[in-house]
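Spelled out from the first residue to the last, the chains are:
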Amino acid sequence: MKDYESIFNNFQIEGTFLNAIPFGSGHINDTILVTIDQSEKIIKYILRKINSYVFKEPKLIVENTVSVTNHIEKKILKSNKSETLNRTLKLFKTKNDDFYFIDNEDNYWCVFNFIEDAITYDNVNTEDQAFEAAKEYGKFQKYLSDFEIVKCHTTIPDFHNLSNRLAKFYNLLKNHKYKRIESSEREIQLVEKFRHIEKEFLQLKNLNIPLRITHNDTKINNVMLDEKTKKGLCVIDLDTVMPGIILNDFGDMVRSFVSPTLEDSSDYSKVKVRLNIFEALANGYLSETNNILTKDEKENLLVGAKIIIYEQAIRFLTDYIEGDVYYKINFTNHNLVRAKNQFALLDDVELNLKIMEEILKKYAK
Ligand code: GN1
Ligand code: MG
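Note that the coordinates shown come from a computational prediction; the quantities given were computed from them, not determined experimentally.

1. Points about the coordination of the magnesium ion (ligand 2)
Coordination sphere of the magnesium ion (ligand 2), protein contribution only: D217 (OD) and D237 (OD), at 1.9 to 2.0 Å. Placement of the pair is D217 in the loop between β7 (212–214) and β8 (223–226) and D237 in the loop between β9 (232–235) and β10 (242–244), with a sequence separation of 20 residues. Of the residues examined, D237 reaches a relative accessible area of 16% and is grouped as buried.

So, in structure tokens, the structure goes:
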């Protein structure tokens, strides 16, 4: 185990270190909850190690996070909601005045404030949760709608480029060193079955779908709600904030909100679209963004959902075949289970597409 205390001591934070425990359910970075005694006051912080296999230039992630959190802070100050300022994300500096510390193994570490009296869910249970979480992502998009794209780095090129993901996947299948290809036969057929989604992805180029600053990981557990009021509080996990299209953010919300199951549940028959949850999501998100989205964006939000779910299935399957090099796993076939789950969800989205489109039209005006 890392010596979290000595890493944490590099930051400009007073007090006595009490303890550090792993926190949250991210698949990529390590997140640690640190507790400090500051003159008899117990204060918590989030210590985060950036995964340098995934993020080739961690410094750029930190730069993006600093500029995005500063931009949001200014917006909050302007909107006279300064009481919520201490409940949005903020990075702390090191004693060298940097926003990151590099350890002797070249790992990058950051420290954030811990947001008190807030909750995240791994699963949506109620329509209100879906509404509030989606509204918060909508607000995030609104805050960033005037952020200059050129000032935001693309930290993972082609992150949501479906064609690239497919090309990598089919390349992998040509390589006989991967023994897991044999145990993935059914899922490989499923990649083929949904291949029509790539056509829809490619057609987006011809539409008025502008590049914006997007979150790119709008899962239900990346948004915090106020523990008491249950209202949206703030969007977290800003590592993948970069130029992208809004369809991906809408898509990842659909992917992680609508099913009653977790993304790694092997109870595939229970993986379903809950239409009432979808409606609450659409209502919440569009209540903030309806005025800023183009007609083409609004008309293709569900294409975004199909693309993201399909892409995620391919990514999990790719990682399974490659031998679990990307996502953290808790058991041997974890990535295969995740892929199967996402294919089941994609099936149900396609089945419900017409009715989801009708619902969406009520809010995307
Ligand atoms: C990863 O680490 P986490 O859980 O925030 C992944 C996302 C996936 C997600 C699937 C940088 O996010 O793209 O959608 O897992 N992040 C990266 O749950 O690849
Ligand atoms: Mg993430």
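That shown, we press on.
2. Details of the sheet that holds β8
Reading across the sheet, the 3 strands line up as β6-β8-β9 and stay open at both edges, with antiparallel pairing between neighbours. Only two strands of the sheet have a single partner each, and these edge strands are β6 (118–119) and β9. Direction of pairing for β8 relative to β9: antiparallel, over a ladder of 3 bridges. For L225, the partnering residue across the bridge sits in β9 and is G232. On top of the sheet, helix α3 (residues 127–143) reaches β8 and β9; it is set at about 50° to β9, its chief contact.

3. Some details on the packing of aromatic side chains
As enumerated under the stated definition, the model contains 14 aromatic pairs in all. Judged by centre distance (5.9 Å) and plane angle (70°), the rings of F23 and F114 are edge-to-face. Of the two residues, F23 sits in the loop between β1 (16–22) and β2 (30–38) while F114 sits in the loop between β5 (108–113) and β6, which places them 91 residues apart along the sequence. Overall, F23 belongs to the partly exposed group, its relative accessible area being 35%. Between the aromatic rings of Y45 and F92, the centroid separation amounts to 5.3 Å while the plane-to-plane angle is 85°, which identifies the pairing as edge-to-face. Of this pair, Y45 sits in strand β3 (residues 41–50) while F92 sits in the loop between α2 (58–78) and β4 (101–102), and the two are 47 residues apart along the sequence. Of the two residues, Y45 and F92, both sit in the buried class. Here the aromatic residues F8, F17, Y45 and F92 are joined through ring pairs into a cluster of three or more.

4. With respect to the site of ligand 1
Lining the immediate surroundings of ligand 1 are 16 residues, of which K219, E263, Q312, R315 and Y326 lie closest. Measuring from an oxygen atom of ligand 1, one finds a backbone N or O atom of I28 at 3.1 Å. Note that an oxygen atom of ligand 1 is positioned 2.8 Å from one of the side-chain N or O atoms of E263. Compared with its free state, where it exposes 440 Å², ligand 1 has 95% of that area covered by protein. Of the residues contributing to the shell around ligand 1, the split by class is 6 nonpolar, 4 polar and 6 charged.

5. Quick word on the pattern of salt bridges
Applying the stated rule across the entire model yields 27 salt bridges. Where D226 meets R87, a salt bridge forms, and the shortest distance between an N and an O atom there is 2.8 Å. Of the two residues, D226 is situated in strand β8 and R87 in the loop between α2 and β4; the sequence distance between them amounts to 139 residues. Given a relative accessible area of 19%, R87 falls into the buried group.

6. So, the domain arrangement of the protein chain
Looking at the protein chain, the domain boundaries give domain 1 (4–116) and domain 2 (127–363). Contacts between the two partners involve 26 residues from domain 1, matched on the other side by 30 residues from domain 2. No other element matches α2, which puts 12 residues into the side of domain 1 that touches domain 2. In terms of residue class, the side of domain 1 that touches domain 2 is made up of 11 nonpolar, 10 polar and 5 charged.

7. Looking at the environment of L247
Topologically, L247 is positioned in helix α7 (residues 246–257). Setting aside anything within four residues of it in sequence, one finds L247 in contact with L204, I209, E297, N300, L301, G304 and A305.

Conventions and cut-offs
- Residues numbered from 1 in each chain as written.
- Chains lettered and ligands numbered in written order.
- Predicted model: local features only at pLDDT ≥ 70, side-chain atom pairs only at ≥ 80, totals over all residues.
- Heavy atoms only, no water.
- Donors = N, O, S within 2.8 Å, 3.2 Å for Na, K, Ca; no water.
- Helix = DSSP H or I, 4+ residues; strand = E, 2+ residues; numbered from the N terminus.
- Buried < 20%, exposed > 50% of the residue type's maximum accessible area, 1.4 Å probe, protein only.
- Pairing = 2+ DSSP bridges.
- Contact = heavy atoms within 4.5 Å.
- Axes fitted to C-alpha atoms, helices over the stretch in contact; angles between N-to-C directions.
- Phe/Tyr/Trp six-rings, centres within 6.5 Å; stacked < 30°, edge-to-face > 60°.
- Near = heavy atom within 4 Å.
- Polar contact = N/O pair within 3.5 Å; in protein donor to acceptor, adjacent residues only side chain to side chain.
- Areas by Shrake-Rupley, 256 points an atom, 1.4 Å probe, with all protein chains shown as cover.
- Nonpolar A, V, L, I, M, F, W, Y, C, P; charged D, E, K, R; others polar.
- Salt bridge = Lys/Arg side-chain N within 4 Å of Asp/Glu carboxyl O.
- Domains from an automatic or database assignment.

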